[in-house]
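Examination of the molecular architecture
Here is what each chain is made of, one letter per residue.
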Amino acid sequence: MTTTPLLPDIAALRAQTRLWRQAGESIALVPTMGALHAGHISLVELAKTRAKRVVATIFVNPTQFAPTEDFAKYPRTLEADIAKLAAAGADAAFTPSPDEIYPEGFCTSITLRGPATAGLEDRFRPTHFQGVATVVAKLLLQALPDVAIFGEKDFQQLAVIRQMTADLNIPVEILGAPTMREADGLAMSSRNIYLNEEERAVAPMLHRCMSRAAQRIHDGEAMEAALAPARSKLMAAGFEIDYLEVRDAATLATVQGRYRKGLRMLIAARLGRTRLIDNIEV
Ligand code: AMP
């Protein structure tokens, strides 16, 4: 059986990627927090079409969780993750400890504006993107990949990482990958396991209501008028909506009026104790 070698620390990651570079082999990086599902694996598969070597990273990054969030109970399934990476043909998995990434005395982080302060996730998770950007910068600088793959599922995160790598001149191509969904439309997420049976049955409404609203906007209805019924339906079904908005897909700037090209609809909503996010093209 093929296995995927573990790179448990930065020294091992550097040594392996250096060998590949010396052999003239291109490298793709797929950062994850583990608890891998088919969405993550689709990133690995895309990575394999873009580079000779693929490194997945599995690191539940403490600095992107607020103290009130689910860092401690975030699912950790390393053995199953490694088996899935092996089956998908990943060449290595970087699995550092928190101390390796944040040694005693660590005190540097990246300050963000632009897409990171668009008033979407940042409004509800004010320290989140600073944690994401800092760890992604560290991963990119240690692996020095040719390309790094991120899911459109976390649309604002993808925009933040594109902006950060451009601003810091990190020599890597950032590639977005489409969102993988369950058969009923629910976006795959490691957090879906938090949903109880009843909530799981209701959760696909998120995508259904967004799709209907997007269609109405596409058909010419004013944006706010198209979003209003989606909001009320979701609220009636028990969702607490953090935001449901249409934004410019490239800048995440607010938009008004009617359909034009380059729009994205984004939602975050809580169902019971689970917070779900999703987004679609309009
Ligand atoms: P996470 O482990 O949740 O931090 O996600 C790791 C990467 O997988 C991120 O780039 C996510 O955007 C991406 N991802 C998460 N869920 C999906 C999905 N359903 N489809 C495609 N990519 C995803």
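As the structure is a prediction and not an experimental result, all values here were calculated from the model.

The rules behind these values
Residues numbered from 1 in each chain as written. Predicted model: local features only at pLDDT ≥ 70, side-chain atom pairs only at ≥ 80, totals over all residues. Heavy atoms only, no water. Near = heavy atom within 4 Å. Polar contact = N/O pair within 3.5 Å; in protein donor to acceptor, adjacent residues only side chain to side chain. Areas by Shrake-Rupley, 256 points an atom, 1.4 Å probe, with all protein chains shown as cover. Helix = DSSP H or I, 4+ residues; strand = E, 2+ residues; numbered from the N terminus. Nonpolar A, V, L, I, M, F, W, Y, C, P; charged D, E, K, R; others polar. Contact = heavy atoms within 4.5 Å. Expected span 1.5 Å × (residues − 1). Buried < 20%, exposed > 50% of the residue type's maximum accessible area, 1.4 Å probe, protein only. Arc of directions from axis to C-beta. Phe/Tyr/Trp six-rings, centres within 6.5 Å; stacked < 30°, edge-to-face > 60°. Pairing = 2+ DSSP bridges. Axes fitted to C-alpha atoms, helices over the stretch in contact; angles between N-to-C directions. Parallel < 35°, antiparallel > 145°, perpendicular 65-115°, else oblique. Left-handed = near helix turned anticlockwise from the far one by under 90°.

Before going further, it helps to examine the site of the ligand. Residues in close proximity to the ligand total 17 residues, the closest being Met-33, Gly-151, Asp-154, Met-180 and Met-188. Between the ligand and the protein, one listed contact pairs an oxygen atom with a side-chain N or O atom of Asp-154 at 2.6 Å. A distance of 2.8 Å separates a nitrogen atom of the ligand from a polar backbone atom of Met-180. Its free accessible area being 480 Å², the ligand has 92% of it covered by the protein chains. Listed by contribution, the elements that provide at least two residues to the shell around the ligand are strand E2 (27–32), helix H2 (38–50) and strand E5 (147–151). Looking at the shell around the ligand, the element that brings in the most residues is H2, giving three residues. Considered class by class, the residues forming the shell around the ligand number eight nonpolar, seven polar and two charged.

This paragraph deals with the environment of Ile-277. Position of Ile-277 among the secondary structure elements: in strand E9 (residues 274–281). Ignoring any residue separated from it by four or fewer positions in sequence, one finds Ile-277 in contact with Glu-121, Lys-153, Asp-154, Tyr-243, Ile-267 and Ala-268.

Because the α-helix completes a turn every 3.6 residues, residues three or four places apart line up on one side. Under the 1.5 Å per step criterion, the end-to-end length of helix H10 (residues 223–236) is 21 Å for 14 residues, consistent within 8% with the ideal 20 Å. What H10 keeps buried is the set Met-223, Ala-226, Leu-227, Ala-230 and Leu-234. Each buried residue of H10 lies within a common arc of 90° when the element is viewed along its axis, so the set occupies one face. Turned more than 90 degrees from where H10 packs its buried face, Glu-224, Met-235 and Ala-236 sit exposed. Within two residues after H10, Gly-238 carries a phi angle of roughly 105°, on the positive side.

A separate point is the packing of aromatic side chains. Under the definition given, this model contains five aromatic pairs. Ring geometry for Phe-59 versus Tyr-102: centroids 6.3 Å apart, planes at 40°, classification tilted. Of the two residues, Phe-59 is situated in the loop between strand E3 (53–58) and helix H3 (78–88) and Tyr-102 in the loop between helix H4 (98–101) and helix H5 (121–124); the sequence distance between them amounts to 43 residues. Across this residue pair, the class does not change: Phe-59 and Tyr-102 are buried. For the pair Phe-65 and Tyr-74, a centre-to-centre distance of 5.8 Å together with 75° between the ring planes defines the contact as edge-to-face. You can call Phe-65 buried: its relative accessible area is 7%.

In this section: H3. Every buried residue of H3 is listed here: Asp-81, Ile-82, Leu-85, Ala-86 and Ala-88. End-on, the buried residues of H3 take up no more than an arc of 165°, which puts them together on one face. For H3, exposure combined with an orientation more than 90 degrees from the buried face picks out Glu-79 and Ala-87. Packing partners of the buried residues in H3 comprise strand E1 (6–7), H2, E3 and strand E4 (92–94). Note on H3: the residue one or two positions beyond its end, Gly-89, has a positive phi of about 90°.

A separate point is the sheet that holds E4. Backbone-to-backbone hydrogen bonds pair the strands of a sheet. The strands run either parallel or antiparallel. As summarised here, the arrangement of the six strands in space is E1-E4-E3-E2-E5-E6, forming an open sheet in which the pairing is parallel. Bordering the open sheet on either side are E1 and strand E6 (173–177), each of which pairs with just one other strand. For E2 and E3, the ladder comprises six bridges, and the chain directions are parallel. Directly across from Val-30, in E3, lies its bridge partner Ala-56.

In the contact formed by helix H6 (residues 128–143) and helix H7 (residues 155–167), the axes pass within 10 Å of each other and the chain directions differ by 55°. Between H6 and H7, the interaxial angle falls into the category oblique. Both H6 and H7 take part in a crossing whose hand is right-handed. Here Phe-129, Val-132, Ala-133, Val-136, Ala-137 and Leu-140 of H6 come into contact with H7, specifically with Gln-156, Gln-157, Val-160, Ile-161, Met-164 and Thr-165. By residue class, the composition of the contact of H6 with H7 is nine nonpolar, three polar and no charged.

Reading across the sheet, the three strands line up as E7-E8-E9 and stay open at both edges, with antiparallel pairing between neighbours. With partners counted over all chains shown, the strands left at the sheet margins are strand E7 (239–248) and E9, one partner each. Adjacent strand axes in the sheet meet at a mean angle of 15° when their direction is disregarded. Pairing of E7 with strand E8 (residues 263–271), which is carried by nine bridges, proceeds in the antiparallel orientation. Across the sheet, the residue bridging to Tyr-243 is Ala-268, located in E8. Running at roughly 30° to E9, helix H9 (residues 205–218) makes contact with E7, E8 and E9 of the sheet. Taken strand by strand, H10 contacts E7 and E8, and its axis lies near 160° from that of E7.

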